[in-house]
Amino acid sequence: MPADLTPSSKPGLSVRLRSDWLKAIFRVDLIRHHTLLGLVGQWAEDGAREDVIDRLDTLADALQQPREGELDALVEAVEDSAGMDTAEIEISLADAVRLRDELDAAIGWLTRFNPQRLTAVSSRPERRTA
């Protein structure tokens, strides 16, 4: 496995290259954390627990032979029955700048191997100062 060309000081909220350097991976562990807490929060209520279990069972059955669009609808049904919020987090300015730098580094490597190089994306946008 090649060395990580885009190491992060915060791997749980980071952008890195896939091992073949053809795609970037955006990692946000906090979203999974909030998702599990949301699921378990509803799980504590007896009425909701049965509904969540039924919808999870339906989703598990559909994984055996999924039809087009079916999984998305079933995942949404689980989210609705579990009362889950939108999968988003707030990030600080420091994290936003760090993520931008990590993404810029990944884009540099991704475009290096792309025969059609993205012309609409500059490798380092000009920074304005106030």
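Residues numbered from 1 in each chain as written. Predicted model: local features only at pLDDT ≥ 70, side-chain atom pairs only at ≥ 80, totals over all residues. Heavy atoms only, no water.

Q: Where do I start with the overall build of the protein chain in this structure?
A: The secondary structure content of the protein chain amounts to four helices and two strands. Listing the helices and strands of the protein chain from first to last along the sequence gives β-β-α-α-α-α. Out of the 130 residues belonging to the protein chain, those deemed buried represent 18%. Long-range pairs, those at least 24 residues apart, make up 49% of the contacts in the protein chain with a sequence separation of at least 6. Of the roughly 9800 Å² of accessible surface on the protein chain, a fraction of 54% belongs to carbon and sulfur atoms. (Helix = DSSP H or I, 4+ residues; strand = E, 2+ residues; numbered from the N terminus. Buried < 20%, exposed > 50% of the residue type's maximum accessible area, 1.4 Å probe, protein only. Contact = heavy atoms within 4.5 Å. Areas by Shrake-Rupley, 256 points an atom, 1.4 Å probe, with all protein chains shown as cover.)

Q: Even after reading the chapter, I still don't get the pairing of strand β2 (residues 24-28), so can you show me in this structure?
A: Where a strand is regular, its side chains alternate between the two sheet faces. The sheet contact formed by strand β1 (residues 13-17) and β2 spans five bridges and is antiparallel. Considered in β2, the bridge of Arg-16 is made with Ile-25. (Pairing = 2+ DSSP bridges.)

Q: Is there a simple way to think about the environment of Ala-62 in this case?
A: Along the chain, Ala-62 turns up in helix α2 (residues 46-64). Using a relative accessible area of 7% as the deciding quantity, one classes Ala-62 as buried. Sequence separation between Ala-62 and Leu-74 is 12 residues, and the spatial gap between their C-alpha atoms is 8.4 Å. Once residues lying within four places of it in the same chain are set aside, the contact partners of Ala-62 are Glu-70, Leu-71 and Leu-74.

Q: Explanation requested: the confidence of the model for the protein chain in the structure shown.
A: Fine structural detail should not be taken from predicted coordinates in areas where pLDDT scores are low. Mean pLDDT over the protein chain works out to 82, with 82% of the residues at or above the 70 mark. Put simply, helix α1 (residues 29-43) is where the protein chain has its lowest mean pLDDT, 87, and β2 is where it has its highest, 91. (pLDDT = per-residue confidence, 0-100.)

Q: Before we go on, may I ask you to explain the packing of α1 against α2 in this structure?
A: To describe two helices that pack against each other, one gives the angle between their axes and the distance between the axes. Two elements in contact, α1 and α2, have axes whose closest approach is 7 Å; the angle formed by their N-to-C orientations is 125 degrees. In terms of orientation, α1 and α2 fall into the oblique class. Note on element contacts: α2 touches α1 through Ala-48, Arg-49, Val-52, Ile-53 and Leu-56, opposite Leu-39, Gln-42 and Trp-43. Here the residues of the contact of α1 with α2 are counted per class, giving six nonpolar, one polar and one charged. (Axes fitted to C-alpha atoms, helices over the stretch in contact; angles between N-to-C directions. Parallel < 35°, antiparallel > 145°, perpendicular 65-115°, else oblique. Nonpolar A, V, L, I, M, F, W, Y, C, P; charged D, E, K, R; others polar.)

Q: Which parts of the structure should I look at to understand the pattern of salt bridges?
A: Once their charged atoms are close, side chains differing in charge can pair, the charge on each being opposite to the other. The final tally for this structure, using the stated rule, is nine salt bridges. Asp-29 is paired through a salt bridge with Arg-27; the nearest N and O atoms lie 2.8 Å apart. Accessibility expressed as a relative area gives 36% for Arg-27, which makes it partly exposed. Where Arg-55 meets Asp-51, a salt bridge forms, and the shortest distance between an N and an O atom there is 3.2 Å. (Salt bridge = Lys/Arg side-chain N within 4 Å of Asp/Glu carboxyl O.)

Q: For this particular structure, what's the right way to read the side chain of Asp-95?
A: Relative to the assigned elements, Asp-95 resides in helix α4 (residues 93-112). Classification of Asp-95 by relative accessible area gives buried; the value is 11%. Here the side chain of Asp-95 touches Arg-98 through a polar contact of 3.2 Å, side chain to side chain. Residues within four places of Asp-95 in sequence aside, it is in contact with Lys-10 and Leu-13. (Polar contact = N/O pair within 3.5 Å; in protein donor to acceptor, adjacent residues only side chain to side chain.)

Q: Help me understand the pairing of β1 in this model?
A: Burial runs high along β1: four of the five residues are buried. If you look at the hairpin formed by β1 and β2, you'll find six residues sitting between the two strands, and Trp-21 has a positive phi there, around 65 degrees.

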